[in-house]
Every structure is written in structure tokens, then in C-alpha cells.
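Next come the chains, spelled out residue by residue.
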Amino acid sequence: MDFFKEKIETLKAAGVYRKLPINDGPCEAEIMLDGKKVINLSSNNYLGFANHPRLKQAAKDAIDHYGVGAGAVRTIVGNMTIHEQLDQVIARFKREEAAVVFQSGYNVNVGVIQAITTKDDLLISDELNHASIIDGVRLSSASRAVFKHSDMEDLKRVLEENKDQYQHTFILTDGVFSMDGDLAKLPEIVKLAKSYGAFTYVDDAHGSGVLGDRGRGTVDHYHLHGQVDFIVGTLSKAIGVVGGYVCGSKEMREWLLHRGRPLLFSTALMPSAAAAIIEAFNMLESSSEYTDKLWDNGRYFKQKLSQLGLDIGHSETPITPIMIGDEALTMKFSKDLLSRGVYVSGIVFPTVPKGKGRIRCMVSALHTKKELDQAIDIIESSAKSLKII
Ligand SMILES: *Cc1c(COP(=O)(O)O)cnc(C)c1O
């Protein structure tokens, strides 16, 4: 298998080869990474739910009642009371008619997009959409078009050029773009969709649990309930567990229970995960303390980094990139930070376009001001030593 060796050599030559870091313990603000205590600025555990005692207890109780595995796909005998309950909890929390849970957010996009489209349809996708949307589009037999990132003129051009040629047209977008932290222009997208008779499909993986009333998401943030046709979310980021879902009409849910392939061909979510997720939604419903703390930390951290003269892009959420550009320098920066006690992963091609390397800081509700200050000091000295500032 020499062809792998050659490929790996090219990664090494480009300075982007890496080993997977190993975290020996729960996902917390400080973690033991490769045997060394570091401040964790890389997880999607926005609200600190991944190791929360209430979620852990709910999972343990569910193991006692249901066991550790669902035993089958949802469409055979893997559909337990707790999965049905979870669908309902999500629909209620999101203020949508119905929801259906999949094993991950990735599975939702690869399963749903193909299930709701035919070869007579058109999928129009933002150029910066998440890889799982891209893969979902690849599995669909519909025609495809791409519009420039959040460029409404360009979206309008694509809609206009393809007018009256397809049975159904779908506009697909991330709600929050995960590598830059900017929001989709949903009110304008919805307006365009209405005037061209298109459906809207929003993947709100980074908006759920973060934006809107107590984390109800980007659709809630923009007061667009009832106006987005397909709302996708993940249960592995702010919710801290694992799984994904899509909200929409009751009929959509029924159709997906027949044709959503990950529901038919991959075992249902662990019942313990479903129970922990339900507890997370209960906590979000009853208090805004988690989302408030997340935003407070995010604002504080972003303000301090800008004051240092770092380019933090145009994020509108707690996601805080530090733009570097050069890929090798990006990876060097990330490595240097780790040696000084802060873990921030470097993000390079293929996750972002070539030449748009960045480190991406993920602040959470778990971080104390002291930990953030410590991280900021370390980022400053590392950036100075690498002549980034
Ligand atoms: C993370 C992410 C996913 C995948 O979610 P998982 O539940 O981790 O599979 C899907 N879409 C977007 C936009 C994401 O950021």
C-alpha cells in the first residue's frame, strides 16, 4: 500500500500532518490531553452538558430500564418509548409541528436530503455549507447548484436561471457557519424562497442551544417559526450527547420513517443518550443560565482578542476564529499553543478553503474568567513569538 505512504508524505511536506490528540477524561474546560493538563478551547460542548451530573444520572437510569443498546433499527424494533418521547420533546422545544431523531447530525443530512428529493428537483446550496450537506446532496438524484456564501444577489440569480424547470426547489444552508461563526441571512432566504416557490432547509447544528430563546436556534432568533420547512439540528454540540434531528411537518416525519435510510438501515440511538438529551432540554426550558453564561464568555473572549490586534473574522456567535491564512503557520500556531497549555485546533483544507487557515477558539459556558484570561495571555505570547501580531 505504498500509495498511502506517498499521500502521507505530501501531508508531511505541507506541514499539515498530525496525530490525533487523546483526551483521558471527560470533556471539560480543562482536560488531560496526551497526559498534559491544558485549557480546552476546541470542543463543541457549548453549555458544558457533556459531563453534567443531571445528564449522567438520566443516562444511568435509562441504562437500568432499557439496557445499553436499542437492539434494532427504529423501523423494526429499535423504536423505544424514549425515542418517541425524544421526538416529541424536540418538536415542542423547537416550536415546530414534528421532529424525528437520527443517530447523528451527519446522518440527518445524508439521509434526509435524498429522501425528500427526486431527479426532477433542484438543490441550491450555500458554497460554505457543512460537509454533511454536501454529502447529502451527492446522494440525491436531484440537480444541483451553488450560490456564493450568503450572497443573496447570487442566490436570486440561481433561482431566476432555474425558474419553472423543476418540480421542487430546495434552498439549503447552515444556520450558523461553523468555521466563521456568521449567521445565514435567513429572513432574506425565506423571502426569496417564498417568491420563487422554493422550500427552505436549514442545518442549525451550531445554532441549536446557542441562539434564540434559551437556545431554540437560528429560526427562533429571527422569529421565523413556521416559515422554514426543514430544520436540522445536532444533539452532540450544545446538547452535549450524540444524535441529530430534523423538524418539519407531521407528513415529513411519516415519510422519513419510511424512506430516511439511516432510520431503516442503522441501529437507533442508545436509549441512555436519548434520556440524557431529554434532561438537557428540560434544563434549557427551565433556565437561561447556561446560554447566558456562554454568550457572556464569548463576548468577553472576543473583545480581548480583538484588543490584541488579532483578526477574529466576522463571527456573530461564540465561535471565535483567529484568521492566519498560511496553512503551515496555522498548524505551527496551534502546536505552539498546545505546548504552552492551550488546546485550540488548527483548521485547514479541506475543512476550509486553501489559504484560509485559522485556529478556531470554542468558548463554552464552562470556562471561568480566570481560565479565559490565562488562555488569552498564552495566545498573546504565542502570537507574538510567531510574529502573527
Ligand atoms: C457538526 C455538524 C454536523 C454534524 O453533526 P453530528 O451530530 O456531529 O454528526 C452537521 N451539520 C453541521 C452544520 C455541523 O456543524
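Residue indices begin from 1 for each chain and proceed along its sequence in written order. Predicted model: local features are reported for residues with pLDDT of at least 70 only, side-chain atom pairs are reported and counted for 80 or more only, and whole-chain, interface and lining totals are derived from all residues. Excluding hydrogens and water, the side-chain values take into account all heavy atoms of the structure.

**Here we look at the state of the cysteines**
- Note that a disulfide, as used here, is simply two cysteine sulfur atoms within 2.5 Å. Summed over all chains, the structure comprises 0 disulfides.
- You can see C27 has no disulfide; the closest cysteine sulfur is in C361, sitting 15 Å from it.

**A few points about the side chain of T317**
- Numbering of helices and strands runs from the N terminus, with a helix taken as a DSSP run of H or I at least four residues long and a strand as a DSSP run of E at least two residues long. With respect to the secondary-structure elements, T317 resides in the loop between helix 13 (289-307) and strand 10 (319-325).
- The criterion used for residue contact is that any of the two residues' heavy atoms lie within 4.5 Å. Ignoring any residue separated from it by four or fewer positions in sequence, one finds T317 in contact with V176, G181, L183, L211, W295 and K302.

**So, the pairing of strand 2 (residues 36-40)**
- Bridge count for strand 1 (residues 30-33) against strand 2 is 4 bridges, and the pairing is antiparallel. Each residue of the ladder has a partner; that of E30, found in strand 2, is I39.
- A strand pair is defined by DSSP finding two or more bridges across the two strands. Between strand 1 and strand 2, which follow one another and run antiparallel, lie 2 residues, and D34 among them has a positive phi close to 50 degrees.
- Here strand 2 runs beside strand 11 (residues 342-343); their pairing, made up of 2 bridges, is parallel. Pairing of I39 across the sheet is with V342, part of strand 11.

**Some points on the sheet that holds strand 11**
- If you trace the 3 strands from one edge of the open sheet to the other, you get 1-2-11, paired in mixed fashion. Of all the strands in the sheet, the pair left with one neighbour each is strand 1 and strand 11.

**Overview of the packing of aromatic side chains**
- Two aromatic rings from Phe, Tyr or Trp, using only the six-membered ring of Trp, form a pair when their centres are within 6.5 Å; if the ring planes differ by under 30 degrees the pair is stacked, by over 60 it is edge-to-face, and anything between is tilted. Using the criterion set out here, one finds 7 aromatic pairs in the structure.
- Plain terms: the ring middles of F199 and F230 are 6.4 Å apart, the flat faces sit at 70 degrees to each other, and that makes the pair edge-to-face. Within this pair, whereas F199 is found in strand 7 (residues 199-203), its partner F230 is found in strand 8 (residues 230-234), the two being separated by 31 residues in sequence.
- What makes F199 partly exposed here is its relative accessible area of 30%.
- Ring-pair connections join several aromatic residues into one group, and the members of that group are F170, F199, Y201 and F230.
- One cation-aromatic arrangement involves K12 over Y17; the distance from NZ or CZ to the ring centre is 4.7 Å.
- Only lysine NZ and arginine CZ atoms are considered, and such an atom sits over a ring when it is within 6 Å of the ring centre and within 35 degrees of the ring normal. The side chain of K369 reaches across the aromatic face of Y300, ending 5.0 Å from its centre. Note on classification: 1.4 Å probe, protein chains only; a residue is buried when its accessible area is under 20% of the maximum for its type, exposed when over 50%, partly exposed between these limits.

**Things to note about the site of the ligand**
- Any residue with a heavy atom lying within 4 Å of a molecule or strand is counted as near it. In the region of the ligand, 14 residues are neighbours, and G105, Y106, D203, T234 and K237 sit closest.
- Here D203 contributes a side-chain N or O atom positioned 2.5 Å from a nitrogen atom of the ligand.
- Distance and chemistry together define a polar contact, namely a pair of N or O atoms within 3.5 Å, with one atom able to donate a hydrogen and the other to accept it when in protein, and with adjacent residues in sequence counting only for side-chain atoms on both sides. Take K237: an N or O atom from its side chain is 2.7 Å from an oxygen atom of the ligand.
- Accessibility throughout is a Shrake-Rupley quantity obtained with a 1.4 Å probe, and a residue counts as covered only by protein chains that appear here. In isolation the ligand offers 380 Å² of accessible surface; the protein chains occlude 86% of this area.
- Element by element, the count of residues in the shell around the ligand is highest for helix 5 (residues 105-116), at 3 residues.
- Residues are sorted three ways: Asp, Glu, Lys and Arg are charged, Ala, Val, Leu, Ile, Met, Phe, Trp, Tyr, Cys and Pro are nonpolar, and all the rest, Gly among them, are polar. Its residues assigned to classes, the shell around the ligand shows 2 nonpolar, 9 polar and 3 charged.

**Observations concerning the packing of helix 5 against helix 6 (residues 131-138)**
- Every angle, taken between N-to-C directions, lies between 0 and 180 degrees, and every axis is a line fitted to C-alpha atoms, over only the stretch in contact when it is a helix. One can describe the packing of helix 5 onto helix 6 by two numbers: an axis separation of 8 Å at closest approach and a directional angle of 30 degrees. Our classification of the angle between helix 5 and helix 6 gives roughly parallel. Read as a crossing pair, helix 5 and helix 6 show a hand that is right-handed. In contact with Y106, N109, V110, I113 and Q114 of helix 5, helix 6 contributes S132, I133, D135, G136 and V137. Any angle between 65 and 115 degrees counts as roughly perpendicular, while under 35 counts as roughly parallel, over 145 as roughly antiparallel, and the rest as oblique. Put simply, a crossing is left-handed when the front helix is turned counterclockwise from the back one by less than a right angle, and right-handed when it is turned clockwise.

**A closer look at the sheet that holds strand 8**
- With mixed pairing, 7 strands are arranged side by side in an open sheet as 3-9-8-7-6-4-5. Lying at the two open borders of the sheet, with one neighbouring strand each, are strand 3 (98-102) and strand 5 (143-147). If you compare each strand with its neighbour and ignore which way they point, the axes differ by 20 degrees on average.
- Pairing between strand 4 (residues 122-126) and strand 5: 5 bridges, direction parallel. Residue pairing across strands places S125 opposite V146, the latter belonging to strand 5.

**Regarding the nonpolar core**
- With 66 residues, the main nonpolar core has I90, L155 and F281 as its most contacted residues.
- Element by element, the count of residues in this core is highest for helix 12 (residues 271-286), at 10 residues.
- If we ignore the near neighbours within four places in the chain, the residues touching F281 are V89, I90, F93, L235 and I239.
- With 23 residues, the next largest nonpolar core counts L305, I312, C361 and L386 among its residues. In this text, buried Ala, Val, Leu, Ile, Met, Phe, Trp, Tyr and Cys residues form a nonpolar core when linked through side-chain atoms within 4.5 Å.

**As for the pattern of salt bridges**
- By definition here, a salt bridge exists when the distance from a side-chain nitrogen of Lys or Arg to a carboxyl oxygen of Asp or Glu is within 4 Å. Scanning the model with the defined rule gives 21 salt bridges in all.
- Here R95 and D220 are joined by a salt bridge, their closest N and O atoms 3.5 Å apart. Here R95, found in the loop between helix 4 (81-94) and strand 3, pairs with D220, found in helix 9 (residues 218-221); they are 125 residues apart in sequence, far enough to count as distant.
- Among the charged side chains, a salt-bridge network with shared partners connects R95, D213, R214, R216, D220 and E285.

Interpretation in functional terms is not warranted from these geometric data alone.
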